[in-house]
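# Examination of the molecular architecture
In case you want the letters, here they are:
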Amino acid sequence: MPNIEIIQADITTIKADAIVNAANSSLLGGGGVDGAIHRVGGVEILDECKMIREKQGGCRTGHAVATGAGKLPAQYVIHTVGPIWQGGNNEEEKLLAECYVSSLELAEKLKCTSIAFPNISTGVYHFPKKEAAKIALTAVKKQLHHLTCIQQIIFVCYDQENYLIYQDIMTYFSDL
Ligand code: ADP
């Protein structure tokens, strides 16, 4: 079974085969983790995103696309588009879970053995952090038995609030 780890760090420093970006549907970069990934990874990542845009016109919410990782220590960046929180009645939960599932599926296709996730949608997209963490961990745990290449899954929390929430929920899960 793959190992799940929770750490507090900047995802651009993580040496996983794939790091996941909380992108927007334009794939043209933004603030938060997206801004950091493009800033540190360099223009190659944006150039690849532009090629994907030309081919398929961006990325839909809940879907994922992959590029190289430029100057980052990872091999690939998996760009997934989280839902914008609109109160909870616009399929936000389902779409957020889909982000984690489609990123794992893509990482498997790319034969990645490790993948690092940020806390998708909990920044400018305003998804409530506790709900988002429960959805993320539940979605990933449900996929574990489908994974053949991935051995390590890292949840990279940037802010301490998310880190404490994830630790709490993991403890609860392991008590079940
Ligand atoms: P979204 O638009 O999906 O909400 P954000 O980038 O605004 O995306 O925020 C998503 C999460 O990423 C937030 O919890 C934020 O604290 C976190 N974050 C911001 N910068 C980084 C970084 N360098 N590494 C990891 N996580 C980050």
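Being a predicted model, the structure only gives us computed values, none of them experimental.

Glancing now at the overall build of the protein. Scanning the protein from N- to C-terminus turns up 5 helices and 6 strands. Order of helices (α) and strands (β) in the protein, N terminus to C terminus: β-β-α-α-β-β-α-β-α-β-α. The C-alpha atoms of the protein give a radius of gyration of 15 Å, which matches the 16 Å a tight globule of 176 residues would have. Counting only C-alpha atoms and orienting by the principal axes, one finds that the protein spans roughly 45 × 35 × 30 Å. By the burial criterion, 50% of the 176 residues in the protein qualify as buried. Taking contacts inside the protein between residues at least 6 apart in sequence as the whole, the part at least 24 apart equals 70%. Total accessible area on the protein is roughly 8,800 Å²; 50% of this is exposed by carbon and sulfur atoms. Side-chain charges of the protein comprise 15 positive and 19 negative groups, with the mean position of each set lying 3 Å from the other.

Mapped onto the present numbering, the UniProt feature "domain: Macro" (unreviewed entry) falls at residues 1-174. The span residues 1-174 is 41% helical and 19% strand by assignment, and the distance between its end C-alpha atoms comes to 14 Å.

About the criteria used
Residues numbered from 1 in each chain as written. Predicted model: local features only at pLDDT ≥ 70, side-chain atom pairs only at ≥ 80, totals over all residues. Heavy atoms only, no water. Helix = DSSP H or I, 4+ residues; strand = E, 2+ residues; numbered from the N terminus. Rg over C-alpha atoms; globule rule 2.2 N^0.38 Å. Buried < 20%, exposed > 50% of the residue type's maximum accessible area, 1.4 Å probe, protein only. Contact = heavy atoms within 4.5 Å. Areas by Shrake-Rupley, 256 points an atom, 1.4 Å probe, with all protein chains shown as cover. Lys, Arg positive; Asp, Glu negative; His and termini not counted. Charge placed at Lys NZ, Arg CZ, Asp CG, Glu CD. UniProt positions renumbered as here; feature names shortened; annotations may be inferred.

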